[in-house]
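Below, each chain spelled out in residue letters.
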Amino acid sequence: MFIFKLTYLHSIDEIEKYIPAHLAYLQEHYDMGHFIASGRQVPCVGGGILCRASSREAAEAILQEDPFYIHKLAEYEVIEFVPSKYANGFEVFI
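Small disclaimer: the values here were computed from a predicted structure and weren't measured.

Colleague: Can you walk me through the sheet that holds strand β1 (residues 2-8) in this structure?
Modeller: Sheet strands pair by backbone hydrogen bonding; their relative direction is either parallel or antiparallel. Here 4 strands make up an open sheet; going across it, the order is β2-β3-β1-β4 and the pairing antiparallel. In this open sheet, the two edge strands, each paired with only one partner strand, are β2 (35-40) and β4 (74-80). Averaged over all adjacent pairs, the angle separating strand axes in this sheet is 15 degrees, with direction ignored. Where β2 lies against strand β3 (residues 46-51), 5 bridges are found, and the strand directions are antiparallel. Looking at the pairing, S38 lines up with I49 of β3. Relative to the sheet, helix α2 (residues 19-31) contacts β1, β2 and β3, its axis offset from that of β2 by approximately 160 degrees.

Colleague: Help me out: how do you make sense of the UniProt feature "domain: YCII-related" (unreviewed entry) in the protein in this one?
Modeller: Sites flagged by UniProt as "domain: YCII-related" (unreviewed entry) map to residues 12-81. Annotated as residues 12-81, this span is 43% helix and 27% strand, and its ends, taken at the C-alpha atoms, are 30 Å apart.

Colleague: Would you take a moment to explain the nonpolar core for this structure?
Modeller: Looking at soluble globular proteins, one finds that nonpolar side chains tend to be buried together. Counting 19 residues, the largest nonpolar core has F4, L6, Y25, F35, I49 and F68 as its most contacted members. Looking at this core, the elements that each hand over two or more residues are β1, α2, β3, α3 (56-63) and β4. Broken down by element, the residue count for this core peaks at 4 residues, all from β1. For I49, the residues in contact, after removing those within four places along its chain, are F2, I3, F4, L6, Y25, L26, F35, A37 and S38.

Colleague: What's the story with the packing of aromatic side chains in this structure? I'm lost.
Modeller: A ring pair, where both rings are aromatic, is described by two values, the distance of the centres and the angle of the planes. Under the criterion given, the structure shown has 6 aromatic pairs. On the basis of an interplanar angle of 90 degrees and a centroid distance of 6.4 Å, the ring pair of F4 and F35 is categorised as edge-to-face. Of the two residues, F4 is situated in strand β1 and F35 in strand β2; the sequence distance between them amounts to 31 residues. The structure contains a cluster of three or more aromatic residues connected by ring pairs, namely F4, Y25, Y30 and F35.

Colleague: Before we go on, may I ask you to explain the pattern of salt bridges in this structure?
Modeller: When the charged atoms of two side chains with opposite charge come close together, those side chains can pair. Summed over the entire model, instances satisfying the criterion amount to 3 salt bridges. The shortest N-O distance in the salt bridge between K17 and E14 comes to 3.1 Å. Exposure remark for K17: the relative accessible area of 59% places this residue in the exposed category. Overall, the relative accessible area of 24% leaves E14 in the partly exposed class. Between E60 and R56 there is a salt bridge whose closest N-O contact spans 3.5 Å. Here E60 and its partner R56 are both found in helix α3, 4 residues apart, which amounts to about one turn of the helix. On the accessibility criterion, E60 (30% relative accessible area) is partly exposed. Relative accessible area serves as the criterion here: at 30%, R56 is assigned to the partly exposed category. Within this structure, R56, E60 and E80 form a network of salt bridges that share partners.

Definitions and cut-offs
What you see as residue numbers is a count from 1 along each chain, following the sequence as written. Only residues with pLDDT of at least 70 get local features here, since the model is predicted, and only at 80 or more are side-chain atom pairs given and counted; chain-wide, interface and lining totals rely on the full set of residues. Processing note: side-chain calculations cover all non-hydrogen atoms of the structure and skip hydrogens and water entirely. Two strands form a pair only when DSSP identifies at least two bridges running between them. Numbering of helices and strands runs from the N terminus; a helix is a DSSP stretch of H or I covering at least four residues, while a strand is a stretch of E covering at least two. The convention used is that axes are lines fitted to C-alpha atoms, helices contributing only their stretch in contact, and that angles between N-to-C directions extend from 0 to 180 degrees. Residue contacts are counted whenever heavy atoms from the two residues lie within 4.5 Å of one another. UniProt positions are given in the numbering used here, feature names are shortened, and annotations may be inferred rather than shown by experiment. The definition of a nonpolar core used throughout is a set of buried Ala, Val, Leu, Ile, Met, Phe, Trp, Tyr and Cys residues joined through side-chain atoms within 4.5 Å. Whether a residue is buried, partly exposed or exposed follows from its accessible area with a 1.4 Å probe, protein chains only, as a fraction of its type maximum: under 20%, in between, or over 50%, in that order. Centres within 6.5 Å are what make two rings of Phe, Tyr or Trp a pair, Trp counting through its six-membered ring; a difference in plane orientation under 30 degrees is then read as stacked, over 60 as edge-to-face, and the rest as tilted. Salt bridges are identified by distance alone: a Lys or Arg side-chain nitrogen within 4 Å of an Asp or Glu carboxyl oxygen.

Here is the structure:
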């Protein structure tokens, strides 16, 4: 499992121009079962995505499809972790 931590490199006005493409990217990966949750940071300086992928390489390939990545609007930190404890019902995501 991976956390993608995005930090915006441009103004919110510039980011908002790419929101529709970013939302389509998110939906595609939700539909494929890769994404579990996503959202903005507070304050709105970036965002986060909880991703299920078979390897770091697969996770990074998914990340590189994001329009924010393609257009160099955000920098990304990829954090890999193995859940050892989780709430009931969450096991379907592991």
